[in-house]
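Breakdown of the fold
Listed below are the residues making up each chain.
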Amino acid sequence: INAEYGDDQHGVGFFYWAGGDWYEGDFLRNERTGRGRFWWKSGNNYEGEFRRGQKHGKGEMSWSEGDHYVGEFQEDKKHGKGTYTWGDESVFQGYWLEDMMSGEGEFLWKNGNKYVGQFARNKSCLLYTSP
């Protein structure tokens with residue numbers, strides 16, 4: 001396709017923004033829809049499914065600071081089952097709701113400590129600890 005501004009973008013193609021971001025993948029009616037890769041000038045990148053120009057479906061996102069997420073997205077947000085690894089090597093595996101840890105999950109800190117249980121709004125629902 002010819003993915004220049006104003007042209008009908010449909011099929012597989014490449015789009016480069018003047019600011020340095022770029023996308024390579026499927027277009028449908030002038031929108032990123034289907035599978036593709038998006039790279040930001042900052043070094044962040046995403047590879048996976050898109051719908052109407054947003055991350056939507058299964059995908060993998062990496063941030064320049066070293067964080068990494070593999071899982072499901074909905075309307076550009078982590079949503080559904082996924083694994084997030086922070087740059088310090090802490091890991092959360094579980095469910096996400098609108099970019100927040102929510103529902104059943106497991107958090108493993110770099111030092112080996114682990115919490116398994118419910119999360120709400122990025123916080124564990126731990127009520128007490130036992131010795």
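Residues numbered from 1 in each chain as written. Predicted model: local features only at pLDDT ≥ 70, side-chain atom pairs only at ≥ 80, totals over all residues. Heavy atoms only, no water.

This part covers the overall build of the protein. For the protein, the helix and strand inventory stands at 0 helices and 11 strands. In the protein, the succession of helices and strands from N to C terminus is β-β-β-β-β-β-β-β-β-β-β. For a compact globule of 131 residues, the expected C-alpha radius of gyration is about 14 Å, and the protein comes in at 18 Å, more than 25% above that figure. The dimensions of the protein, computed from C-alpha atoms along their principal axes, are 65 × 25 × 15 Å. Split into buried and exposed, the 131 residues of the protein put 35% on the buried side. For the protein, contacts bridging at least 24 residues in sequence account for 3% of all contacts bridging at least 6. As displayed, the protein offers around 8,500 Å² of accessible surface, 48% of which is attributable to carbon and sulfur atoms. The averaged location of the 21 negative side-chain charges in the protein is 5 Å from the averaged location of its 16 positive side-chain charges. (Helix = DSSP H or I, 4+ residues; strand = E, 2+ residues; numbered from the N terminus. Rg over C-alpha atoms; globule rule 2.2 N^0.38 Å. Buried < 20%, exposed > 50% of the residue type's maximum accessible area, 1.4 Å probe, protein only. Contact = heavy atoms within 4.5 Å. Areas by Shrake-Rupley, 256 points an atom, 1.4 Å probe, with all protein chains shown as cover. Lys, Arg positive; Asp, Glu negative; His and termini not counted. Charge placed at Lys NZ, Arg CZ, Asp CG, Glu CD.)

A few words on the packing of aromatic side chains. This model, assessed by the stated rule, comprises 21 aromatic pairs. Aromatic pair Trp-63 and Tyr-84: ring centres 5.5 Å apart, planes at 35 degrees, arrangement tilted. Taken together, the residues Trp-63 in the loop between β5 (54-62) and β6 (68-74) and Tyr-84 in strand β7 (residues 77-85) connect sequence positions 21 residues apart. A residue is classified by how much of its surface remains accessible, and Trp-63, at 22% relative accessible area, is partly exposed. Relative accessible area serves as the criterion here: at 8%, Tyr-84 is assigned to the buried category. Between Lys-55 and the ring centre of Tyr-46, over which it is positioned, the NZ or CZ distance is 5.9 Å. (Phe/Tyr/Trp six-rings, centres within 6.5 Å; stacked < 30°, edge-to-face > 60°. Lys NZ or Arg CZ within 6 Å of the ring centre and 35° of its normal.)

This brings us to the sheet that holds strand β3 (residues 31-39). The strand order across the open sheet built from 11 strands is β1-β2-β3-β4-β5-β6-β7-β8-β9-β10-β11, with neighbouring strands paired in antiparallel fashion. Strand pairing shows two members of the sheet lacking a second neighbour, β1 (11-16) and β11 (123-124), which therefore form its edges. (Pairing = 2+ DSSP bridges.)

A separate point is the confidence of the model for the protein. On average, the protein scores 91 in pLDDT, and the residues at 70 or more come to 91%. Note that residues 1-5 has pLDDT below 50 and, in this model, 16 contacts with residues that lie over four places away or in other chains. (pLDDT = per-residue confidence, 0-100.)

Phe-92, Trp-96, Met-101 and Phe-119 are the most contacted members of the largest nonpolar core, which has 16 residues in total. Contributing elements (two or more residues each) for this core: β2 (22-28), β4 (45-51), β6, β8 (91-97), β9 (100-108) and β10 (114-120). Beyond its immediate chain neighbours, meaning those up to four positions away, Phe-92 contacts Gly-82, Thr-83, Tyr-84, Trp-86, Met-101, Gly-105, Glu-106, Phe-107 and Phe-119. (Core = buried A, V, L, I, M, F, W, Y, C linked by side-chain atoms within 4.5 Å.)

Further remarks concern the pairing of β9. Where β8 and β9 come together, 6 bridges link them in antiparallel fashion. Within the sheet, the bridge partner assigned to Gly-94 lies in β9 and is Gly-105. Hairpin geometry of β8 and β9 is characterised by an intervening segment of 2 residues between the two adjacent antiparallel strands and by a positive phi of about 50 degrees at Glu-98. Inspection of the sheet shows β9 paired to β10 by 6 bridges, in the antiparallel sense.

Before going further, it helps to examine the environment of Glu-106. Examined against the element boundaries, Glu-106 turns out to sit in strand β9. A C-alpha to C-alpha distance of 8.1 Å links Glu-106 and Val-91, two positions 15 residues apart in sequence.

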